[in-house]
Amino acid sequence: MLVSNFRPSARPRRRAHGFTLVELMTAILILTILTTLALPSFREFIANQRIRNASFQLMSSLTLARSQAITQNGSVDLKKAGDNWNAGWTVTDGTNTFGAQEALNSLRITDSGGLGTITYGRDRRITTAATKFTVKPGTDMSGVTPRCITIGLSGLPSSTVGDCS
C-alpha cells in the first residue's frame, strides 16, 4: 500500500470580510434615492426654522425696546439698519444702543406702515403707526408658512402663524 505524504493545510481557508462592489453600489444607489426624496422637505424645514428664528429675534427686540422705554423713562426706537428690515435693526434711545440684529439674508420682513422706526414711549406703548410685521422667505417656496408679528395696544408683541391680514 502506498502512503501519500500529502497533508491538507492545517488552517481552513477563511472567507473574506466586507462588501462586494455590487453590494456597495446598491447601497449607494438606495441612499441616493432616499436623499433625493428627503431633500425638498428638508429645505422647507430649514426655511420654516429661519422664519421662526427671525420672528423670535424681532419679537425679542420689540420686547427689549419696550422694556428699555420703561426703564429709561423715555422714548426708545427700534430702527431698521438699511433700506429694509432684512438688513437688520438696532434698539436705541438716541445715545445708547441696547441691542442690534445683523442682516437676515434670504428673508423678507415688512411692516404694515412702511416706516423705518418703531418708537416706544415711556408709557410702554408704541407712538408710531406700524403695528404689524410679516416675515416671509426671500423667494416664494411652497410649504413654507410666513409669520405675522402684531404689536397690541399695550405694546406687547405677539406672533401668529400665517400672513398678516
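Because the structure is predicted, anything quoted here is derived from the model rather than measured.

Caption draft 1: Main features of the environment of Lys-136. Turning to its location among the elements, Lys-136 is positioned in strand S6 (residues 132–137). Here the alpha-carbon distance between Lys-136 and Pro-146, two residues 10 residues apart in the chain, equals 4.7 Å. Discounting residues that sit within four places of it in the chain, Lys-136 has contacts with Ile-51, Leu-107, Arg-108, Pro-146 and Asp-163.

Caption draft 2: How the structure looks around the nonpolar core. In terms of nonpolar packing, the biggest core is built from 24 residues, with Leu-58, Leu-62, Leu-78, Ile-109, Ile-118, Tyr-120 and Phe-133 touching the most fellow members. Setting aside chain neighbours within four positions, we find Leu-78 in contact with Leu-58, Ser-61, Leu-62, Trp-85, Trp-89, Thr-90, Val-91, Gly-116, Thr-117 and Ile-118.

Caption draft 3: Expanded view of the pairing of strand S2 (residues 89–92). In the sheet, strand S1 (residues 76–80) pairs with S2 via 4 bridges, with the strands oriented antiparallel. Paired with Lys-79 across the two strands is Thr-90, which belongs to S2. Where S2 meets strand S3 (residues 97–101), 4 bridges bridge the pair, whose relative direction is antiparallel. Counted as the bridge partner of Thr-92 is Thr-97 from S3. Connecting S2 to the next strand, S3, in antiparallel fashion are 4 residues, including Gly-94 with a positive phi near 105 degrees.

Caption draft 4: Up close: the sheet that holds strand S5 (residues 117–120). Read across the sheet, 4 strands follow the order S3-S2-S1-S5 without closing on themselves; strand pairing throughout is antiparallel. The strands lining the two open edges of the sheet, one partner per strand, are S3 and S5. On average, each strand axis in the sheet is tilted by 10 degrees relative to the strand beside it, whichever way the strands run. Seen against the sheet, helix H1 (residues 21–72) touches S1, S2, S3 and S5 and runs at an angle of roughly 15 degrees to S2.

Caption draft 5: Seen up close, the packing of aromatic side chains. A complete count under the given rule lists 3 aromatic pairs for this structure. Note on Phe-42 and Phe-45: the rings are 6.4 Å apart at their centroids and 25 degrees apart in plane angle, and the pair reads as stacked. Of the two residues, Phe-42 and Phe-45 both sit in helix H1, 3 residues apart, roughly one turn of that helix. With relative accessibility at 48%, the residue Phe-42 sits in the partly exposed group. Three or more aromatic residues link up through ring pairs in this structure, and these residues are Trp-85, Trp-89 and Phe-133.

Caption draft 6: Spatial organisation of a nonpolar patch on the surface. A cluster of nonpolar residues, Phe-19, Leu-21, Leu-24, Met-25 and Ile-28, forms a patch on the protein surface that exposes about 570 Å² of accessible area. As for its position among the elements, Met-25 is in helix H1.

Rules behind the numbers
- Residues numbered from 1 in each chain as written.
- Predicted model: local features only at pLDDT ≥ 70, side-chain atom pairs only at ≥ 80, totals over all residues.
- Heavy atoms only, no water.
- Helix = DSSP H or I, 4+ residues; strand = E, 2+ residues; numbered from the N terminus.
- Contact = heavy atoms within 4.5 Å.
- Core = buried A, V, L, I, M, F, W, Y, C linked by side-chain atoms within 4.5 Å.
- Buried < 20%, exposed > 50% of the residue type's maximum accessible area, 1.4 Å probe, protein only.
- Pairing = 2+ DSSP bridges.
- Axes fitted to C-alpha atoms, helices over the stretch in contact; angles between N-to-C directions.
- Phe/Tyr/Trp six-rings, centres within 6.5 Å; stacked < 30°, edge-to-face > 60°.
- Patch = residues over 30% accessible without salt bridge, like charges linked within 9 Å, V, L, I, M, F, W, Y side chains within 5 Å.
- Areas by Shrake-Rupley, 256 points an atom, 1.4 Å probe, with all protein chains shown as cover.
- Salt bridge = Lys/Arg side-chain N within 4 Å of Asp/Glu carboxyl O.

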